[in-house]
Amino acid sequence: MSAIDFGYYAYLASTVPPRELARAVAARARRALRGGIRQVLGPMSRHPALRPPFFMQVPPEQRRRRELRGKRPSIVDPSLREVTARMLRERFPEACRFVQREAEACRGGEVPVFGKWKDCRKNEMQAVGADIVPLDYDLDPVGHGVRYDPGIPGTRIDHFVDGADVKAAWEIGRLQQLWRFGQARWLSATATERSAWARAYMATIRQFRADCPVGMGVQWSCAMEVSSRAFHAALAFAYVQDDPAVDAAFAAELAEMLDEHCAYVEEHLEDTGAVRTNHYAADLVGLVVVGSLFPELPRARIWRDVFGGKLWEEILRQVRGDGTHFESSTGYQRLTAELFLGAVLAARAAGTPAPREVELAVAGLFRSIGHLLKPSGRIPQIGDLDSCRGLPLMPRGALDCGYLPALGAAALVDATLKLPEARCPVEVAWLLGAPGVERFDLLPAHGHRGSVLLRDANVAVLRRADGYLCLTAGPNGAGGCGVHAHNDKNSVELSFGEVDLVLDRGTFVYARDPRERDRRRGTAGHSTVQVDAAEQNRLIPGRLFALPDTSRARIRWMDRPNGHEMASGEHLGYRRLPQGVVHRRLAALGAGVAAFQDELFGDGAHVLEARWFIPHTDLLERAAAPEELHRLQAQAPAGFAPEGFDASRCVEVRVDGKPFALFAFAASLRFELSVEETDVSPGYAERMPARAVTLRCAGDVPARIWTAVLVLARE
C-alpha cells in the first residue's frame, strides 16, 4: 500500500463516524466469511448449520411455488389501458409516435445506449418471424468490439478492461426496452398487435435467461444492475400482464427470474457500511418493488417488509434536509428520485405504504430539482452525470429534468412540487394512467420559481428575468468520501433563456479512460479559479471515485442588493499550498447581465487561472464598442472593476451566426487572455465542441479578477 493510500484511509478514519467504521468492518467481514466458507467447503456450505435464522427461511414446498395468480398489485391499473391510450393519443400524439418508433427499433435489435442508437444484435441476420432480434448481452456496444467472457462468474469480471466501458454493457442488460414493448402494446389498435408486443416482452426475458445464466458474466457483475433489471421487468409487466399471450408457463418463468435476481441481490448487497451510496439504495429498491408487486414469491414479504425498512431508513439518510441527494451529484439525484418514487408507488400498491417522513423526503428530491431547473428545463451539472434512468417512460436528454417536478406532484399529490404554468408531462400518463393526469390538472401550482439557496448542498440559484445562474460551493458528498463529486467549488453555470453561456465541462466516461476521468472531475474542468495548477481537493491516484473533502466549501450569503441577485461562495482548498490561498467568488445576476468578482486572499506570489467553459464554437476576440462599455459600467454591480473593464480585450459569443453575449474582464494584476478549443459533455459518453476562455495572471495575492457577461441587443 502506498503512502498516499495511507493518507486517504487516515482521512476516512478522521471523517467517518466510529459507528459507521465499525459497520463497514463488519460488512466486509461478513462478505469475506461467506465467500471463504463457500470456497473452502464447497457443497458443505449448504449445511443446515450455516443457513439463515429460521425466521428468514422459506419452507421448501413454498420455495417451489412460483406461479402468479389472479389480479396483482400494480402501480398502473391494466384495466385503464383503453381510456389511458385514448388520452395519450389525443394529448401527447408526438410522444406516442416516438415511443412506437423506439419500440420497433428495440424489437429489431437497436437499443439506445447513453442516448445514441446502437446495433446490439447477437446475429447479423434477423430470424424471419421472430418476436425480437436477440441481443448480444456480452458486448460493450461502444467499446469497439470488446466482449466480456460469459463463462466467468460475475463477481470476477474485470470492470476496468482497457478501452472498454462496463457501463455500456450494463445499459443493454437493464432491459429497459421492456417499457417500450409494454407501452407499444397499450397504444396498439388491435388484439393481434397487442399480443405481438407482449410476445416481444416475453422473448426478451427468455433470451436473457438463456444467454445470461444466474451469476455468470458481465450482467451479473454488479448487484445494482441485477436489481435494476428486476425493477424494470417487474414494473413494466403491468403493461402486458393481462394479454392472452402471457400464459401460465411464462408467468412461472418470470416469477423464477425475479426470484433468482432478488436472491442474488440479497446475497451481494452493496452495503459497505461506512460509504453506502446510490448502489446500496438501488439494491434495496429492486427488492422492495419485486416484493411488493409479486407477493406470491417465497421471500416477497421479507423483501417488502424487512428490506423495505432498510430502504426507508436509507432514503432518510441519503436525502438532505434541503431535498438534495447526499452524493452532491445532480445526475444521480435524478436517478435516485425516479428509483425511490418507483419503490414508494410499489409499496403503496401492495398496501404497505412507506412512512410519511419517507414520502416527504422523496418529495424533497423532486422539489430541489425544480429549484435547480434552468429556463430550458435542463439541470446544471454538479458532480458526475452517467445518463442512467430509473423510470425511462419517455426518451429524455441526460440533463432534461423539466418533467420531474410535475411527475412528483402527480404521484405524491403534492401541490408544492407543481411549478407555475407547468404542463403535465407524458410520464404522468404512463406511470399513473388517465386518473394521474386528471389529478395533476386539478392540483394548484404552489411550486417556487425564484432564486433559492439550497443550504445543505451549498448551491445558490439566482434568477432574474430570463437569466439563470447557479453557483456551487458544497461538500463532496457521500459523507465526505467524494464518490460522484467533483472539484467544482465556486464553479458556475450561466444561461439566458434557452441559451447556455457557461457550463461545467461534464463527466464523459469513467473507467474507459481514467486520465480523462480525472481531468474532467478536476479543478481545471470547471468554470472556476485555479491557483498554481493545484487541485481544490486531492485526486487519489487509481481511485476514480474517491475525493477527500478538505476544501470546506460553502455559500457565505445570498441577497438582492440594488437590483441584482447575488451570492457569495468560498472554499479553503488552496490553504494547503506552501503559501495558502482562500478563494471567494461573488456572483451577481441582473437583467441581461451577469458579473463575477473573484478574490484570492493569502500571501506570496501565485499563478491564477480563471476558466470559463462556453458551449459554443463561434467566438471572436474583439474590443468593446462604446455603447457596450457604457452598458457594462452602468449595469455591473457597484464596486466591481473599479478601474473599469478592459475594453480592448473582450470575447464575443455568437449563437446561430449572430452576436449573443460579450465577456469582459479586469484584474488587479496584469493578465493574459486566451480562447482554446475544448469540449463539454452533456451526457455520459457524449461530447460536443466548445471553447475555454482563460484569464491568466501571476503575482502577489491578495488579488482580484472581475468578469462580466453582457447579453447583446438582438435583432
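Residues numbered from 1 in each chain as written. Predicted model: local features only at pLDDT ≥ 70, side-chain atom pairs only at ≥ 80, totals over all residues. Heavy atoms only, no water.

Residues at a pLDDT of 70 or more form 89% of the protein chain, whose mean pLDDT is 91. Confidence drops under a pLDDT of 50 for residues 60–65, and excluding neighbours within four residues, the segment shows five contacts in the predicted structure. (pLDDT = per-residue confidence, 0-100. Contact = heavy atoms within 4.5 Å.)

For the coordinates displayed, the defined rule picks out 14 aromatic pairs. Here Tyr-239 and Trp-430 contribute two aromatic rings whose centre-to-centre distance is 6.1 Å and whose plane-to-plane angle is 75 degrees, an arrangement assigned as edge-to-face. Of this pair, Tyr-239 sits in the loop between helix H9 (223–236) and helix H10 (248–267) while Trp-430 sits in helix H16 (residues 426–442), placing them 191 residues apart in sequence. You can call Tyr-239 buried: its relative accessible area is 1%. For Trp-430, a relative accessible area of 1% translates into the label buried. Measuring from ring centre to ring centre gives 5.0 Å for Tyr-510 and Phe-545, while their planes differ by 80 degrees; the resulting arrangement is edge-to-face. Of this pair, Tyr-510 sits in the loop between strand S7 (499–502) and helix H17 (514–521) while Phe-545 sits in the loop between strand S8 (529–531) and strand S9 (554–559), and the two are 35 residues apart along the sequence. Since its relative accessible area comes to 5%, Tyr-510 is described here as buried. (Phe/Tyr/Trp six-rings, centres within 6.5 Å; stacked < 30°, edge-to-face > 60°. Helix = DSSP H or I, 4+ residues; strand = E, 2+ residues; numbered from the N terminus. Buried < 20%, exposed > 50% of the residue type's maximum accessible area, 1.4 Å probe, protein only.)

Next up on the list: H17. Because each turn of an α-helix spans 3.6 residues, side chains separated by three or four positions end up pointing in the same direction. Three or more residues of H17 are buried, namely Glu-516, Arg-517, Asp-518, Arg-520 and Arg-521. Along its buried surface, H17 packs onto strand S17 (671–680).

A cis amide bond links Val-701 to the next residue, Pro-702, at an omega of 10 degrees. Within the secondary structure, Pro-702 sits in the loop between strand S18 (688–700) and strand S19 (703–711). Backbone geometry places Ala-465, a non-glycine residue, at a positive phi of 55 degrees.

The subject of this paragraph is the environment of Val-218. Along the chain, Val-218 turns up in the loop between helix H8 (191–211) and H9. In this structure, Val-218 is in contact with Tyr-137, Asp-138, Tyr-148, Ile-157, Val-166, Ala-169 and Trp-170, ignoring residues within four places of it in sequence.

Right, let's talk about helix H4 (residues 81–91) for a bit. Listing the buried residues of H4 in full gives Arg-81, Thr-84, Ala-85, Met-87 and Leu-88. Buried residues of H4, seen end-on, are gathered within an arc of 165 degrees and therefore sit on one face of the element. Of the residues in H4, the exposed ones pointing more than 90 degrees away from the buried face are Glu-82 and Glu-90. In this fold, the buried residues of H4 make contact with helix H5 (93–107), helix H7 (177–187), H8 and H16. (Arc of directions from axis to C-beta.)

Considering the arrangement of structural elements, one finds Ser-328 in the loop between helix H12 (300–318) and helix H13 (330–349). From its side chain, Ser-328 meets the backbone oxygen of Pro-475 in a polar contact 2.9 Å long. Beyond its immediate chain neighbours, meaning those up to four positions away, Ser-328 contacts Arg-320, Ile-382, Gly-383, Pro-475, Asn-476, Gly-477, His-484 and Ala-485. (Polar contact = N/O pair within 3.5 Å; in protein donor to acceptor, adjacent residues only side chain to side chain.)

With that settled, consider the pairing of strand S4 (residues 459–464). Most of S4 sits out of view: five of its six residues are buried. In terms of strand pairing, strand S3 (residues 452–454) meets S4 through three bridges, oriented antiparallel. Bridging across to S4, Leu-453 finds its partner in Ala-460. The loop that links S3 with its antiparallel partner S4 comprises four residues; one of these, Asn-458, has a positive phi angle of about 55 degrees. Bridge count between S4 and strand S5 (residues 467–472): six bridges; the pairing is antiparallel. The residue bridging Arg-463 from the neighbouring strand is Tyr-468, located in S5. (Pairing = 2+ DSSP bridges.)

Of all six residues in S5, six are buried; the element is thus mostly enclosed. Burial of S5 is two-sided: the residues Gly-467, Leu-469 and Leu-471 facing one way and the residues Tyr-468, Cys-470 and Thr-472 facing the other way are all buried. What sits between the antiparallel neighbours S4 and S5 is a turn of two residues, in which Ala-465 has the positive phi angle 55 degrees. Alignment of S5 against strand S6 (residues 491–496), held across six bridges, turns out to be antiparallel. Each bridged residue has a counterpart across the sheet, and for Leu-471 the counterpart in S6 is Val-492.

Spatially, S3-S4-S5-S6-S7 is the arrangement adopted by the five strands of the open sheet, whose pairing is antiparallel. Only two strands of the sheet have a single neighbouring strand rather than two, namely S3 and S7. Within the sheet, the average angular offset between the axes of one strand and its neighbour, ignoring direction, is 15 degrees. Across the sheet, helix H14 (residues 356–372) touches S3, S4 and S5, and the angle it forms with S4 is around 50 degrees. (Axes fitted to C-alpha atoms, helices over the stretch in contact; angles between N-to-C directions.)

In this structure, Asp-679 sits in strand S17. For Asp-679, the residues in contact, after removing those within four places along its chain, are Arg-505, Arg-520, Arg-687, Met-688, Pro-689 and Ala-690.

Counted according to the given criterion, the structure contains 52 salt bridges. The closest approach of N and O atoms between Arg-185 and Asp-243, which form a salt bridge, is 2.8 Å. Taken together, the residues Arg-185 in helix H7 and Asp-243 in the loop between H9 and H10 connect sequence positions 58 residues apart. With a relative accessible area of 3%, Asp-243 lands in the buried category. Between Glu-570 and Arg-554 there is a salt bridge, with its nearest N and O atoms 3.1 Å apart. (Salt bridge = Lys/Arg side-chain N within 4 Å of Asp/Glu carboxyl O.)

This brings us to the sheet that holds S8. On the basis of which strands lie adjacent, the open sheet formed by four strands has the order S8-S13-S18-S17 and antiparallel pairing. One side of each edge strand has no neighbouring strand; the edge strands of this open sheet are S8 and S17. On average, adjacent strands in this sheet sit at an angle of 25 degrees to one another, irrespective of strand direction. Pairing geometry for S17 and S18, over 10 bridges, is antiparallel. Looking at the pairing, Thr-678 lines up with Ala-690 of S18.

On to the nonpolar core, then. Of all hydrophobic cores here, the largest spans 144 residues; its most connected members are Tyr-201, Trp-312 and Phe-340. The leading source of residues in this core is H13, at 11 residues. Beyond its immediate stretch of four places on either side in the chain, Phe-340 contacts Ala-281, Val-285, Leu-311, Ile-315, Gln-318, Val-319, Val-362 and Leu-365. One finds Leu-608, Ile-614, Phe-663 and Val-701 within the second-largest nonpolar core, a separate group that totals 49 residues. (Core = buried A, V, L, I, M, F, W, Y, C linked by side-chain atoms within 4.5 Å.)

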